[in-house]
Amino acid sequence: MQKKKTIKRIILLLLVLILLWGGAFVTDYLRVTTLDKRPLFCLQTDENCYTGLGWQVEICPHPITGKEEYCFSLFGKYIESNITN
């Protein structure tokens, strides 16, 4: 009986951690893509590069319009970008 309770607690803890990670990811994703703000749960690793727990955002100004453009990647795969040439 004690072993089943321990397994249930471990599973619950893993689910809570996954939900927290997902919430941080969605928050940063929405801030960058829809609100044109900097990510909240990322560390700035370079002048225009922000790194989170599994995702990375590159934000740079457009040379002509000056509007900020972004490139969002998750686990090394680009998932969204509005960078123009």
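Please refer to the structure placed before this passage.
From a predicted model like this one, the values you see are computed outputs, not experimental measurements.

A.B. asks: Quick rundown of the overall build of the chain? Include the residues and the values.
C.D. replies: In terms of helices and strands, the chain carries one helix and five strands. In the chain, the succession of helices and strands from N to C terminus is α-β-β-β-β-β. For the chain, the C-alpha radius of gyration of 17 Å lies well beyond 12 Å, the compact-globule estimate for 85 residues. When its C-alpha atoms are laid out on the principal axes, the chain stretches across 65 × 20 × 20 Å. Buried positions account for 24% of the 85 residues belonging to the chain.

A.B. asks: Break down the sheet that holds strand β5 (residues 77-81) for me, citing the residues and quoting the values.
C.D. replies: For sheets, the rule is that strands pair by backbone hydrogen bonds, running either parallel or antiparallel. If you trace the five strands from one edge of the open sheet to the other, you get β1-β2-β3-β4-β5, paired in antiparallel fashion. With partners counted over all chains shown, the strands left at the sheet margins are β1 (43-44) and β5, one partner each. Judged from the two bridges that link them, β1 and strand β2 (residues 49-51) form a sheet pairing that is antiparallel. Bridge assignment links Gln 44 to a residue of β2, and that residue is Tyr 50.

Reading guide: rules and limits
Residues numbered from 1 in each chain as written. Predicted model: local features only at pLDDT ≥ 70, side-chain atom pairs only at ≥ 80, totals over all residues. Heavy atoms only, no water. Helix = DSSP H or I, 4+ residues; strand = E, 2+ residues; numbered from the N terminus. Rg over C-alpha atoms; globule rule 2.2 N^0.38 Å. Buried < 20%, exposed > 50% of the residue type's maximum accessible area, 1.4 Å probe, protein only. Pairing = 2+ DSSP bridges.

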